[in-house]
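Listed here are the chains, written in short residue letters.
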Amino acid sequence: MRALALAVILLTSGSGTALAAHSPFAGTWKLDLAKSKLTGDTLTYSKIPGGLRYSNGSTVAYDITMDGKDHPTMFDRTAAWSNDGKNAWTTVTKAHGVVMSRTHRSLSADGKTLTATYVESRPDGSTVRESDTFTRTSGGAGLVGTWKNTGAKPASFVMNISIPASGRFEIAYPADKTSVSGKTDGSAAPFTGPTAPPGATSHVKAAGPRRWMIDGTAKGKTYFTGDITVSADGKTLTRTTWVPGKALEKTVEVFDRA
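First, a word on what this report is: a plain description of the structure on this page. Everything numeric in this text was worked out from a predicted model, so none of it was measured. Numbers given to residues run from 1 along each chain, matching the order in which its sequence is written. Reporting of local features is limited, given that this is a predicted model, to residues whose pLDDT is at least 70; pairs of side-chain atoms are given and counted only at 80 or more, and all residues count toward the totals for whole chains, interfaces and linings. Side-chain numbers here rest on the full set of heavy atoms in the structure, without hydrogens or water.

Secondary structure counts use DSSP, requiring at least four H or I residues in a row for a helix and at least two E residues in a row for a strand, with both numbered from the N terminus. By the secondary structure assignment, Arg-168 is in strand 13 (residues 168-173). Along the backbone, Arg-168 and Gly-182 are 14 residues apart, and their C-alpha atoms lie at a distance of 5.7 Å.

Here it is as structure tokens:
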């Protein structure tokens, strides 16, 4: 999910420079939206007393109250939901009281298509607009039901990779000013930065010269797992992730060497 989306930078320093030069991961990478597969995931809204419950069917679930007030969702995030006309809703998501995104959801007249448009505020001061289109697979009126992502329009980003020393890594998402560093032996490495969830860690384990096994956790709970591979010609890096129990709903991000 976006709050834990993993972007990799292996920073070069000291004697690690020579190692970085020979690493297939080293370099600048840009997400190629056309080559990536960013759809297929499912989510559910169910009716509960006083509101709705959101679930991704595995790791994330929280209650929704349509009162325009901040309510906890996951990690340190809150969301304020409000009705925005017939079959339309606005959500303001915050971390530590700071607005991270504003989302407008609208339902088609036939109730079969849900469109979500996001305006995200980044710590570097920039804003980006993204959107997802969901097709109903079950349920009745309004949001209640199960939805499948059938159209994603995310923002692209650049990832720089280098290696500071043998067996070590540092991962960063520059636009979010978030980083994680540690060893490529699968041990826990903490995330830091203004948008990093409290207690969030990653595990990166080298599984060959061109493959890393990865996951993202928070307070001991795994929120996604997957791997990162580099092509034999060194021109393409692919990050494949999924949430536990939903391996058939893989997200595949393909990066081209810049």
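Past the structure itself, the notes keep going.
Attention now goes to the sheet that holds strand 10 (residues 127-139). With antiparallel pairing, 10 strands are arranged side by side in an open sheet as 4-3-2-11-10-9-8-7-6-5. Of all the strands in the sheet, the pair left with one neighbour each is strand 4 (61-64) and strand 5 (71-72). The pairing criterion for strands is at least two bridges between them, as found by DSSP.

Another aspect to go through is the side chain of Asn-56. Relative to the helices and strands, Asn-56 is located in the loop between strand 3 (51-55) and strand 4. Within the local environment of Asn-56, its side chain forms a polar contact with the backbone nitrogen of Ser-58, the two atoms lying 2.9 Å apart. A polar side-chain atom of Asn-56 sits 2.9 Å from the main-chain amide nitrogen of Thr-59. In this analysis, two residues are considered to be in contact whenever any of their non-hydrogen atoms come within 4.5 Å of each other. For Asn-56, the contacting residues outside a window of four places in its chain are Thr-42, Leu-43, Val-243 and Lys-246. Contacts described as polar in this section are N or O atom pairs within 3.5 Å, which, within protein, must combine one atom able to donate a hydrogen with one able to accept it, while residues neighboring in sequence count only if both atoms come from side chains.

By definition, a salt bridge exists where a carboxyl oxygen of Asp or Glu is found within 4 Å of a side-chain nitrogen of Lys or Arg. By the definition in use, this model includes 8 salt bridges. Between Arg-53 and Asp-63 there is a salt bridge, with its nearest N and O atoms 2.6 Å apart. Placement of the pair is Arg-53 in strand 3 and Asp-63 in strand 4, with a sequence separation of 10 residues. Under the relative-accessibility criterion, Arg-53 is labelled partly exposed at 38%. When a residue's accessible area, from a 1.4 Å probe over protein chains only, is under 20% of the maximum for its type it is buried; when over 50% it is exposed; and in between it is partly exposed. The exposure class assigned to Asp-63 is partly exposed, which follows from its relative accessible area of 35%. For Arg-239, the salt bridge goes to Glu-253, with nearest N and O atoms at 2.6 Å. Here the residue Arg-239 occupies a position in strand 19 (residues 236-242), and Glu-253 occupies one in strand 20 (residues 251-257), the gap between them amounting to 14 residues.

Attention now moves to the nonpolar core. Phe-25, Trp-29, Leu-237 and Phe-255 are the most contacted members of the largest nonpolar core, which totals 23 residues. The set of elements that each furnish at least two residues to this core consists of strand 1 (27-31), strand 12 (158-161), strand 13, strand 15 (185-192), strand 16 (200-206), strand 17 (211-218) and strand 18 (221-230). Core analysis: the next-biggest nonpolar cluster, separate from the first, contains 20 residues, Leu-107, Leu-114, Leu-143 and Trp-147 among them. By convention a nonpolar core is built from buried Ala, Val, Leu, Ile, Met, Phe, Trp, Tyr and Cys residues, the set being connected through side-chain atoms within 4.5 Å.

Another aspect to go through is the sheet that holds strand 20. Taken together, the 10 strands give an open sheet; going across it, the order is 12-1-20-19-18-17-16-15-14-13, and neighbouring strands pair in antiparallel fashion. Both outer strands of the open sheet, strand 12 and strand 13, are each paired with one neighbouring strand and no more. This sheet shows a mean twist of 25 degrees between the axes of neighbouring strands, independent of strand direction. Of the strand pairs in this sheet, strand 16 and strand 17 are connected by 7 bridges, and their pairing is antiparallel. Paired with Thr-201 across the bridge in strand 17 is Thr-217. Inter-axis angles, ranging from 0 to 180 degrees, are taken between N-to-C directions of lines fitted to C-alpha atoms, where helices are fitted over the stretch in contact.

Attention shifts here to the pairing of strand 13. Note: strand 13 against strand 14 (residues 178-183), 6 bridges, orientation antiparallel. Within strand 14, the residue paired with Ile-171 across the bridge is Val-180. Between strand 13 and strand 14, which pair antiparallel in sequence order, lie 4 residues; one of them, Lys-177, sits at a positive phi of approximately 55 degrees.

Now for the environment of Gly-125. Among the secondary structure elements, Gly-125 is positioned in the loop between strand 9 (113-121) and strand 10. For the pair formed by Gly-125 and Ile-163, sequence separation is 38 residues and the distance between their alpha carbons is 28 Å.

The probe, sized like a water molecule, is rolled over the atoms to show the empty space still left. A 1.4 Å probe that fits but cannot get out identifies a cavity on a 1 Å grid over protein atoms alone, an open set with protein on both sides within 12 Å along at least five of seven lines counts as a pocket, and a residue lines either if it has an atom within 4 Å of a point. Grid points are joined across faces, edges and corners, and a volume is the space filled by probe spheres set on the points. For the structure on display, the rule yields 2 cavities of 30 Å³ or more. Quantified by volume, the second largest cavity comes out at close to 40 Å³. In this structure, the second largest cavity is lined by Tyr-62, Asp-63, Ile-64, Thr-65, His-71, Thr-73, Ala-79 and Trp-81. Of all the secondary-structure elements, those providing two or more residues to the lining of the second largest cavity are strand 4 and strand 6 (77-83). With 3 residues, the single largest contributor to the lining of the second largest cavity is strand 4. The nonpolar class holds Ala, Val, Leu, Ile, Met, Phe, Trp, Tyr, Cys and Pro. Asp, Glu, Lys and Arg form the charged class, and all remaining residues, Gly among them, are polar. A class-by-class count of the residues in the lining of the second largest cavity yields 4 nonpolar, 3 polar and 1 charged.

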